[in-house]
Every structure is written in structure tokens, then in C-alpha cells.
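This is what each chain is made of:
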Amino acid sequence: MNLKAVNPQALSGGTIQLTTPPPEKTLHSMLYFMKLTRELEFRIERKLYRQGKIVGGVYVGRGQEAIAVGACIDLRHEDVVCPSHRDMGAFLIRGMSLRTIFAQYMARKTGATRGKDGNMHMGDLNLNLVPFISMLADNIPVATGIALSFKMRSQDRVALCFFGDGATSRGDFHEGVNMAAVLKVPVVFICNNNQYAYSTPLERQMAVANVADRAEAYGIPGEIVDGNDVLAVWDAVARAIERTRIGHGPTLIECKTFRMTGHSAHDDAGYVPHELFELWEERDPIKRFERYLSERGMITQGGIEEIDKRINREIDEAIQIAEKDPFPDPEDTLKDVYHEG
Amino acid sequence: MAEIKVIMPQMGESIFEGTLTKWLKKKGDRIKRDEPLFEISTDKVDSEIPSPASGVLQDVLVNEGQTVQINTVVAVIGDDLPASGTLEGAAPAPQSRAESTEKPVKTREDRSPEVRSSPLVRRIAKEHEVALAALAGKGTGISGRITKRDILSYIEQGGSVTKTGLTPPAAPAPPTKPAATALQSSALTGDGERVPMTAMRKSIAEHMVHSRRTSAHVTTFFEVDCSRILQAREKSKPDFERAGVKLTVTPFFVQAAASALKRFPIVNSSLDGDTIVYKLAINIGIAVNIEGGLIVPVVKSAGEKNLLGMARAINDLGERARNKKLTPDDVKDGTFTITNPGQYGGLTGTPIINQPQVAIMSMGGIKKRAVVIDDAIAIRSMIILSLSFDHRVIDGATADQFMADIQKQLESWQA
Amino acid sequence: MALTTYVEAIRQGIWEEMEKDERVFVLGEDVGIYGGAFKVTAGMLERFGEWRIIDTPISESAIVGAAIGAALMGMRPIAEMQFADFIACAFDQITNFAAKSRYRWGAGVPIVIRAPSGGGVHGGPFHSQNPEMYFVHTPGLKVVCPSTAYDAKGLIKAAIRDPDPVIYFEHKYLYRRIKEELPSDDFIVPIGKAAIRRHGTDISVITYGAMVYTALEAAKELEKEGIDLEVMDLRSLLPFDREAVLDSVKKTNKVILLHEDTRIGGFAGELASVISEEAFEYLDGPIRRITAPDTPVPYSPPLEEFFLPKASDVVRVARELYAY
């Protein structure tokens, strides 16, 4: 993949140069949420899961933190996010608490689904966060409908919809993107192209070079960005949102990135050539962004350590609480199938 | 070939009706002579009835579950189908719809095969303490099934059955218990399932009580050394087997009894009012245990059979009794009965006389026992024979002499 | 007062709800300018505009998906499947997203999916199906099958107002054949309630959709023979009116289960189980099913005629059961 064509700085571990970068406060938030995402998922995948405290599967987005963070950091509360399963940053930015997330992974009653569903299938309408389901790309038509409801009511809101490269092979991707394009609804489609769908590499997933190439077929703009550069993501999404807010319809943004783990916690990713991990380790979004900030005097090593300490403290506290949270009552099984007036 | 009428056979001299429990062929079926055609249940016997002729079952006149008098025509067998060539026209029409392959669901019929009903009918019967057997043959549903209408009208007319017996619908209605009370009381007394008697069971019950009321039962016991007959049996076994006959000990006892009956004709008699009737033939009934009760097929002219003939006759009757293949003749005209509870290890018994006979002999189990012979203790295979006799016509002395005769024959058996 | 057809009753129901509640909108193929393949939405585009009567691409999955998304945002979408047969294309969105949403995260999905179903119109395998049972087997969904104009209107209104996803099977054969006088006031037919179309004492025929008329026709015929059928119209399959079914069975003690859907896995199987579990001791005969055979819906008239259950089938089975 010719990432250089997209982002000449990427190979050297640099970032794009924005004429109007976000304010410093936003930059700090970006760093915090990327680091929080990484540490949270590290604890879940490498600690709690291995301690047998996690119920079911674990799918993390290590190496992909910049995408959700860059895309969501500037959203308004009334905007709606439909994340995918490697977009933990979206949940955190929208305001889902660490305790709720840990409780969710530990199948507690206090989890986002009260024990009814697992891992990343979290949602909360109060946070305008619509959960992903295991059928990949199903959230694309749903996001289209969310955006449609904004357009119908002339609401100044947008929907952000995340999915992976594998999901674009499903019919619902086509149906959803096409319908959004036809109806010109305010939605931004964000593809985390992490090069692998479980064990299947991209070239066995599609015959075009880029997911974004497909945009042309739907008559919408397609843009490829360096998914490991939080500012590049932020910039592309900001432009797409601006465009869609004024009624120009959806954009398809392809974020080139790499899955730095297996598909799930039980997958050692033995099928991924080791050099690829090494190559992408150099493009690690957090390290790159730390360098960006320190080069501009926006953060010191001490400041970074301060953030790490804060994150560890917050996570430790949340785990402590969540571990003591109750499991659901068995009879909850029968509840909430239908509205219980 | 003319039409052959198939009748409800007389399964025993006191029998006047029988219940057709099951058709084994249906209308239009081809049947061979002697092939099983239907099953019946009478007071005395449950039996499979063979077709009297070959042909086609032209008409079925009695439904399953229906009870009819003996000699009632239950079916007509007609000429065989014409030779092949025209068979094609007789092929069944193609099914018009998927549904037409359905058959009414067969439900388990209230434990007595002759009474067909439904879950609803059984529940109503239980609530009103009606034994469905009381409606046997009166059902108006398909195959004589008792329908909701049948049982409701039966109850309306006052029909109900108490625990002790039948109250016919014509009799004044006893108060019916409400369901809740009935259930509650059975819960308190710990009653289990309530199952109506089968026709056979009822018949046995009636006969036993009737006999007890009729005869002055006295029982006498004799101990018999079986060593000789066991030796004789061992010796004759191979010859019998070559003749295709399995030799048990029973034929020895039947033969000894037949022989003794010749010398003691009073034991081979019956009482007709004030008149003693001495029977000409010696026909010995052998009680056979079958599913649901017992039946007594009769070895005709037992006094005229040698051991081989006797064994063959007994085996044949036992076999056919268990397979429900007895004919009405097989259970008729007994003059004396032998029962053999010993086969299950019983020491001895006090059997009830099979009316209108006047005596019944029971065989206990043969067991090796220590006996004193010439002041020495010896081990011998012993049996206790008992004879229940009707003291109205047989005195104790006669009975004992009769038994002593049998004892002597058996103990001195010459192989 | 004028008679209202079944199809017009649906239209009226939607129209009235849209007038009353601006959250209600329609999306589907050819629903706008064309007024729907069966003209259920005729005239609505002019009245409500293109953002409440939305013509979509041929994308059943996206139609339902978009309806789900809009519903999550507080709208009351009515998604039209042009033919119920095409609902298979949206199966995933319906059964995985819509049906499980409330259970998973407490967010109800108040959508109505309209599905013109049923045979008798020579539509062949892809324009005649009765796919209700896929959805009856999916907890979280509601499934209704109106048979009269009154119910068509009352149930579409109830479905629109319902907080959960409702699949509304409207029978194409009834669209213009069935008409009746409707009350002018606002009414709904509660989901989950059956109706007895004919009271009888001998046999209960439990059915729904167009087969209600098949049962009534048979009842008329059997009346001459003194066989008195009770005809129950379930109206809703999920949830279904268990109490009404059991009451009727306990009254007549004999039951025929009739549907146009195919046999294996049809609703009759479920009803038969419930009846035998809960009213076994009230049965005076076997539970009988009359259904379409287990084949696709054929096209040629003699084939379709053979396929569809007929009044004569009901008459035949009822006679057998009556004599049982």
C-alpha cells in the first residue's frame, strides 16, 4: 500500500501539516483519549482476560486509536456515533464510563447491556451512541436511517458510522452507502482499513486497491487518510462533516491502519508477516502524536507521565468497582424482550 | 365362490356375546383362509380369529369396540378379485391433497383395548366416576369410539359406576361426586391411577366369586415323590424331541389324573340342580397364565391319550393360548382342571373350582427335600398336590382315595 | 355510508396516523410518486411530501436498516416491502438488529414493516409467499395478519403506535375483495387479541388471514349438515391470543388449525402444542391441521388451486372430525 502517496510524513513517523490545527486543549484531549483507549484495552485483553475475569471474546483496536479519537473528538453531543468493534475511543469520548465498560466486559448487571450482550456491543441513546452488532455492516443502513431522520426533521445533526475493511464486502455496505448517497443524508462513513478481516488479508477481500475507490461508484467523495495520524483523521472527518451539514450528503473516508493484534484475544495472528508488525509499530499513532506535541512544546515527558498516572488511577478505580458489581439476576433473562409498560 | 359370512364365534359354552376389538384386515383387503382376520374379547378369552375362507373382505359389519351376540355376522368374504389385467382399474386414486394422507391420531385407549375414547371423554369419566368399559360397544364415533356426546348422554341418563360395580344407565342415578371432591379424596387416601377392568378381568372375577358361592370348597393335600417321573422324563426326552415335542412334567400329572378320573367318576361329574351328571368324556382343562389374566384350554379325551399325545396336546394349547390363537372349541367342555402355580415356586395352593366342574387339582413346585424312607433320610424331588373339591358331591374319603391313586401312579411310574 | 376496502383501510390507517403524528413516515420502493405497488400510499406524497413518503432504492435491507435508525432517533417509520416475499432480503436487519435491540441495550425499535403476502393471485413462488413464521420464531418482534378492513385499519394504527417492531402481513387476495363499513372515529385493534368470526359448538377452526373466509365458507356448507363450526381469527400471531384459543377448544373440544402457510413449522404446529399441553383433557378428537403442502407457491392456476387450502378441505376434515 502506498501510504506515502497519502501522507508523505507517515513513513518517517511524522504527521500531516495542518494550516489550522485544533486548539491545544483538543490536542491534549486527543492524546488522553488515545492513551486511555490503549491502556483500557491493554488491561482488558492482557490482564483481565488472562485472569479469567472477562466473559467471552475480546476484540481490541491497538494501533487504531487515532481513528475513533480523531473522528469523534469534535463531535457535538447531538451528533450520533455508530462505532464498530475497534473504536473504543468513540465510547470514551461520548462519555461512557470506564466502570460501565469494565462491567460490560465482565458481564455484570451494571454493564452497558446489563449482561444481555457482550464486549463492544455497547450503546446508550443518552450518549447518542448506537451499538454495533456482530453482523458486519448492519450499522451502515442504520446510520443512514439515523441521518435520514435528521434530514427529514431539518435537524443540524450528523451521524458517524464506523466499520472495517471486511464489512465493505457485505451487501448492507452497498445498500446503506448507496441509499445514503441517493437521499443525500448527513452521514460520514469511516472505514478502519486495518488490512485484515480476521485472518483474511485485504487482497482476498476486494479487487480494488482502496475502499475509498468505491465512493465514486456511489457518487460521493472518497478520501484516503493515514489512520495512524490522529490529525489527518480529524481533518478529513471535520471536512466531511462540514460538507454533510450543509446538505451535500455522505463522504466515505478510508483510514489506512493496521491491526496490531490478532482478530481477538485468542488469536496470535500467526498469519500476519512479522515485518508488517515492525513496520507499523514505527507508525504507532500515540508515539507519533506525543512527538508532534513535544516538538511543538505542547507537552513535556513529565506531562506525558502525568497523563499515564491519571489513566492508570482511573482504570484501577473503575476495575475495583466493576469487579464488585453484581451479575444480573437469572430471571432478568426474561425481561426487556418487549416494551414493559 | 359364494359369499362367506364371518360370524362372532362362541368362545365357551356360557358365552353369548363378544367384543370385536380389532380388525386385522380392512374392507377390500384380500385374505387367505386361516389368516388372522380380527381380534375379539369375550368374558372368557381374548382371541385372534382366523378367516374361515380365502377371498376379499367385501364388507365389515361390526365396528371395532362393538359388542355383538355370538353368531352375529361380522363380515362378508366374497369372491377373489379377478385375475390380473383389470387390477389397474382398482388402483387407489391419487391423493387429492396433502391432508388426505392423515389418519386420525390413535390415542392410548384407557388401558382396555376395547374401549376407545378421547382425552376429554376420559376426563369426564374420571370426574363422574364412570368406568368407560360400561360404554364399551356403545360409542357412536368412528370405530365405536366413545364421544363427548356419548358419555354426556350416558351420565345424563344416570349412568355411573361406583368402585364396586356397574350401575346400568337405567338404574336411579347415584349422586355423582364433583370432580374436585373426587380428586381431593383420592389424594387423601393415596389412591393411585384408577384403571377399569378389562373384559377378561371382569369375567374372571365374576367366575371366581360365583364358584365360591356355588361349591362347598374343601382342599386336601398330598405329597408325591417325583423321582420316578423325573427319571422317566429324562429317559423319554430325546425320543420326544425327535418327535418335535418338548416334554415337561405336566403331562405325567395330567395322565395320572385322567387315569384316576376313570376310577373315580364322581370327580369327573357336575351338579345340575339336584342331579349329579357323570361325564362320559374326560376333558382336562389346564390353566394357562396369559397377559391380562388366565385361560383354561382343555385337553379333550385325556383318558385316551398316551404320554406323547398328552404332551403334544398340552404344548399346543399352551402355545396357542399365549398367542391368542385358541378357538372357541379349545376352551369348551372341560370336566376337570389342573392348575400349576408351582411353576413360580409356590409350595401348594387351594384353587377355586372351575364351574360347573366339581374338582380342581393344583401342582406345587417340585423341590428336593429330605424325606424318611425305611427309617433313613433320603433326598427326593417332592411335590405337594392339592385337590379342591365340592363337598356337596365328593366326600373327603373319596377325594383322598382319588389323590392316593394319582400319588401311587406317579411314584410307581414305569418309563 | 360507503364501504371501505381492505386496502383502503390500510391507507386510511396510515394516513390518519401521519396526520396525527409527524414522527410517522413511510419508506419503501415505489411508495411515493407511484403510490405503492398496491396503491396503499396513493396520494400521500402530495399530502405529506417527499421526506415523509420516501421512495428508496431497491434495497430491502437498507429500507429496514434505515427504518431502525430513524426509529432509534424517535421516528415512527413504516417500511414497505413491495411483496412479503422480499422480506427475506431484510431478514438480518429485522431479526438481528430490530428484534434484539431493546433486549440488548434497552432501545426499542418502533418500526412497522408492511408485507403484502399470500397467494391466490397467480403470483408464483416470489409474489405469493406467507413468510410469517420466520418472524414468529424471533423473540422481540410482533406479527399481525389482519383479515378484515376493520382489523386492517385498527391493526396498522396499533402497529404504528406500538413501541416494538411489528411486521404487518397484509393479504393481497383480500385487498379489494373485502370491504365493510368502518366507523368514522379513531379506533385501534389491540395486537394479541383474536376475534371469533362465527360462534359454534362442534369444532373450532382456528385460522388467520385470507383463510378466515375459507373457514367461513366451509362453516356455511356444514351448517346444512348440522355441524356447527366456530371460526376464530387469530389476527395476531406474535403474541397470539392463547386464552381465546384455549377457551374455544375447551368449548368445542375439537379443533382444526387452518393456514395458507406451508405445513412444517407452520403456526398450526405451535397451536397444536399449546392445545395439547394446556387443554389435552378437553380434546374429544385429534387436533387436525389444514395447510398448504410443503412446496413453494406454484404459479399455474391448477397448481396454485391445488396448493391453497380450500373450503372443501375444511368441510372434509370437519366431517371426519365430527364423526370421530
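Our subject is the structure listed above.
In this text, all values refer to a predicted model and were calculated from it rather than measured experimentally.

About the criteria used
For every chain, the first residue of the written sequence is number 1, and numbering continues from 1 onward in sequence order. Following the order in which they are written, the chains are lettered starting with A and the ligands numbered starting with 1. Predicted model: local features are reported for residues with pLDDT of at least 70 only, side-chain atom pairs are reported and counted for 80 or more only, and whole-chain, interface and lining totals are derived from all residues. Only heavy atoms go into the side-chain values, all of them from the structure, while hydrogens and water stay out. Secondary structure counts use DSSP, requiring at least four H or I residues in a row for a helix and at least two E residues in a row for a strand, with both numbered from the N terminus. Note that the radius of gyration is over C-alpha atoms, with the globule rule given as 2.2 Å times the number of residues to the power 0.38. Buried residues are those whose accessible area, probed at 1.4 Å on protein chains only, stays under 20% of the maximum for their type, while exposed residues exceed 50% and partly exposed ones sit between those limits. For this analysis, residues touch if any pair of their heavy atoms sits within 4.5 Å. What a helix should span is 1.5 Å times the count of its residues minus one. One axis fitted to the seven residues ending at a residue, another fitted to the seven starting there: the angle between these axes is the bend at that residue. Accessible area, probed at 1.4 Å, shrinks when two parts are joined; the buried area is that loss added up over both. Any Lys or Arg side-chain nitrogen located within 4 Å of an Asp or Glu carboxyl oxygen qualifies as a salt bridge. By the convention used here, strands pair only if DSSP detects at least 2 bridges between them. Residues belong to one nonpolar core when they are buried, are Ala, Val, Leu, Ile, Met, Phe, Trp, Tyr or Cys, and are joined through side-chain atoms within 4.5 Å. Start and end points for every domain follow an automatic or database-based domain assignment. Any two rings among Phe, Tyr and Trp, with Trp reduced to its six-membered ring, count as a pair given centres within 6.5 Å; such a pair is stacked if its planes are under 30 degrees apart, edge-to-face if over 60, and tilted if neither. To obtain an axis, a line is fitted to C-alpha atoms, over the contacting stretch when the element is a helix, and the angle between two such axes runs from 0 to 180 degrees between their N-to-C directions. If you view a crossover with the strands going away from you and the path from the first strand over the helix to the second runs clockwise, you call it right-handed. When an angle is under 35 degrees it counts as roughly parallel; over 145 it counts as roughly antiparallel; between 65 and 115 it counts as roughly perpendicular; any other value is oblique. When the near helix sits turned anticlockwise from the far one by under a right angle, the crossing is termed left-handed; a clockwise turn instead gives a right-handed crossing. The residue classification treats Ala, Val, Leu, Ile, Met, Phe, Trp, Tyr, Cys and Pro as nonpolar and Asp, Glu, Lys and Arg as charged. All others, Gly included, are polar. Any pair of nitrogen or oxygen atoms within 3.5 Å is treated as a polar contact; in protein, a donor-acceptor pairing is required on top of that, and neighbouring residues in sequence qualify only through side-chain atoms on both sides.

Chemist: Describe the overall build of chain A, with residues and values.
Modeler: What chain A contains, in helices and strands, is twelve helices and seven strands. The C-alpha radius of gyration computed for chain A amounts to 19 Å, which stays within 12% of the reference 20 Å derived for 341 residues, consistent with globular compactness. Projecting the C-alpha coordinates of chain A onto the three principal axes gives extents of approximately 55 × 50 × 40 Å. Taken over 341 residues, chain A has a buried fraction of 59%. The long-range share in chain A, meaning contacts at least 24 apart out of those at least 6 apart in sequence, stands at 76%.

Chemist: Can you lay out the arrangement of the chains for me, pointing to particular residues and giving the numbers?
Modeler: Once contacts are tallied for each of the two pairs of chains in contact, the highest total is for chains A and C. Nothing in chain A touches chain B; the tightest C-alpha to C-alpha distance between them is still 33 Å.

Chemist: Tell me what's going on with helix 5 (residues 227–242) of chain B, and back it up with residues and numbers.
Modeler: All names here are of chain B. Here helix 5 spans 24 Å end to end across 16 residues, near enough to the 22 Å set by a 1.5 Å rise per residue. Helix geometry: helix 5 is bent most strongly at Ser 236, by close to 45°, with proline Pro 238 lying one to four residues after it. Buried within helix 5 are the following residues: Ser 227, Ile 229, Ala 232, Arg 233, Ser 236 and Phe 240. Tucked into the core, helix 5 has its buried residues touching strand 11 (217–225), helix 6 (250–263), helix 7 (307–322), strand 21 (376–390) and helix 8 (396–411). Phi for Gly 244, located one or two positions after helix 5, is positive at around 80°.

Chemist: Please set out the environment of Gln 320 of chain A residue by residue, giving values where relevant.
Modeler: Tracing the backbone through its elements, the reader meets Gln 320 of chain A in helix 12 (residues 301–324). Residues Gln 320 of chain A and Asp 87 of chain A lie 233 residues apart in sequence; the distance between their C-alpha atoms is 24 Å.

Chemist: Before we move on, can you summarise the interface of chain C and chain A with the specific residues and values?
Modeler: Across the contact, 38 residues belong to chain C and 44 residues belong to chain A. When chain C packs against chain A, the two sides together hide about 3400 Å² of surface, and 68% of this comes from carbon and sulfur. Ranking the residues of chain C by area buried against chain A places Met 73, Tyr 103 and Arg 104 of chain C at the top, with a combined share of 25%. Viewed at the interface, chain A and chain C are joined by two salt bridges. Its salt-bridge partner being Asp 117 of chain A, residue Arg 104 of chain C comes within 2.6 Å of it at the nearest N-O pair. Every element with two or more residues in the side of chain C that touches chain A is listed here: strand 2 (24–28), strand 3 (53–55), helix 3 (60–72) and helix 4 (91–105) of chain C.

Chemist: Describe the sheet that holds strand 3 (residues 30–31) of chain B, naming the residues involved and giving the relevant values.
Modeler: All names here are of chain B. In spatial order, the strands read 1-8-6-3; together these four strands make up an open sheet with antiparallel pairing. The sheet is open, and its two edges are formed by strand 1 (4–7) and strand 3, each paired on a single side. Relative to strand 6 (residues 55–60), strand 3 runs antiparallel, the two being bridged by two bridges. Pairing of Ile 31 across the sheet is with Gly 55, part of strand 6.

Chemist: How would you sum up the nonpolar core? Please name residues and give values.
Modeler: The biggest cluster of nonpolar side chains holds 93 residues, and the ones touching the most others in it are Val 130 of chain A together with Leu 72 and Ile 206 of chain C. Counting residues per element, this core draws most heavily on helix 3 of chain C, at nine residues. Two domains share this core, each providing at least three of its residues, namely domain 1 (4–180) and domain 2 (195–323) of chain C. With residues up to four places along the chain from it excluded, the contact list for Val 130 of chain A reads Val 80, Val 81, Cys 82, Pro 83, Met 122, Leu 125, Val 142 and Ile 146 of chain A together with Leu 72, Met 73, Phe 97 and Trp 105 of chain C. Listed in part, the 70 residues of the second largest apolar core include Val 60, Phe 102, Ile 286 and Tyr 292 of chain A.

Chemist: Could you give an account of the environment of Leu 252 of chain A, with specific residues and numbers?
Modeler: All names here are of chain A. If you trace the backbone, Leu 252 turns up in strand 7 (residues 251–256). Once the C-alpha coordinates of Leu 252 and Ala 181 are considered, the two residues, 71 residues apart in sequence, prove to be 10 Å apart. Among residues more than four places away in sequence, those in contact with Leu 252 are Phe 163, Phe 173, Phe 189, Val 211, Ala 212, Ala 215, Ile 220, Pro 221, Gly 222 and Glu 223.

Chemist: Describe in detail the packing of aromatic side chains, supporting the description with residues and values.
Modeler: A ring pair, where both rings are aromatic, is described by two values, the distance of the centres and the angle of the planes. This model, assessed by the stated rule, comprises 25 aromatic pairs over all chains. Summarising the aromatic geometry, the rings of Phe 258 of chain A and Phe 277 of chain A are spaced 5.8 Å apart at their centres and angled 80° between planes, so their arrangement reads as edge-to-face. With Phe 258 of chain A in the loop between strand 7 and helix 10 (274–281) and Phe 277 of chain A in helix 10, this residue pair connects regions lying 19 residues apart in the sequence. Residue class for Phe 258 of chain A comes out buried when judged on its relative accessible area of 2%. Between the aromatic rings of Tyr 150 of chain C and Phe 187 of chain C, the centroid separation amounts to 4.1 Å while the plane-to-plane angle is 10°, which identifies the pairing as stacked. Of this pair, Tyr 150 of chain C sits in helix 6 (residues 149–161) while Phe 187 of chain C is found in the loop between strand 8 (179–180) and strand 9 (195–198), placing the two residues 37 residues apart along the sequence.

Chemist: Describe in detail the sheet that holds strand 13 (residues 255–262) of chain C, supporting the description with residues and values.
Modeler: Residues and elements named next belong to chain C. Judged by pairing direction, the sheet is mixed, and its five strands sit side by side in the order 9-11-10-13-14 without closing on themselves. Of all strands in the sheet, those with a lone pairing partner are strand 9 and strand 14 (288–292), marking the two edges. Between one strand axis and the next, the sheet turns through 25° on average, direction left out of account. By the bridge criterion, three bridges tie strand 9 to strand 11 (residues 229–233) in an arrangement that is antiparallel. Looking at the pairing, Ala 195 lines up with Asp 233 of strand 11. Against the sheet, helix 9 (residues 267–278) engages strand 10 (203–207), strand 13 and strand 14, with an angle of about 155° to strand 13.

Chemist: Hey, could you go over the pairing of strand 4 (residues 76–80) of chain C for me, with residue numbers and the actual values?
Modeler: Residue and element names in this part refer to chain C. Judged by how many residues are buried, strand 4 sits mostly within the fold: five of five residues are covered. Alternating positions in strand 4 separate into two faces, Arg 76, Ile 78 and Glu 80 on one and Pro 77 and Ala 79 on the other, with burial throughout. With five bridges joining them, strand 2 and strand 4 adopt parallel strand pairing. Among the inter-strand pairings, Val 26 is bridged to a residue of strand 4, identified as Ile 78. Bridging between strand 4 and strand 5 (residues 112–117) involves three bridges; their strand directions are parallel. When the bridges of strand 5 are listed, Ala 79 appears paired with Ile 113. This β-α-β element, strand 4 to helix 4 to strand 5, shows right-handed connectivity.

Chemist: Lay out the packing of helix 7 (residues 211–223) of chain C against helix 11 (residues 311–323) of chain C with the relevant residues and their values.
Modeler: All names here are of chain C. Running from amino to carboxyl end, helix 7 crosses helix 11 at an angle of 55°, the nearest separation of the two axes being 8 Å. For the element pair helix 7 / helix 11, the angle class is oblique. The two elements helix 7 and helix 11 meet at a crossing, and its hand is right-handed. When helix 7 is examined against helix 11, the residues Thr 214, Glu 217, Ala 218, Glu 221 and Leu 222 are found in contact with a partner set consisting of Ala 311, Val 314, Val 315, Ala 318 and Arg 319. Classifying every residue of the contact of helix 7 with helix 11 gives six nonpolar, one polar and three charged.

Chemist: So what about the interface of chain B and chain C? Which residues, and what values?
Modeler: In this assembly, 21 residues from chain B lie in contact with 29 residues from chain C. Across the chain B/chain C interface, buried area totals approximately 2000 Å², and carbon plus sulfur atoms make up 48% of it. In this assembly, chain B and chain C are joined by ten residue pairs in polar contact (both at pLDDT 80 or more). For the side of chain B that touches chain C, the secondary structure elements donating two or more residues are helix 1 (119–127) and helix 2 (148–156) of chain B. Top element by residues in the side of chain B that touches chain C is helix 1 of chain B. It accounts for four residues.

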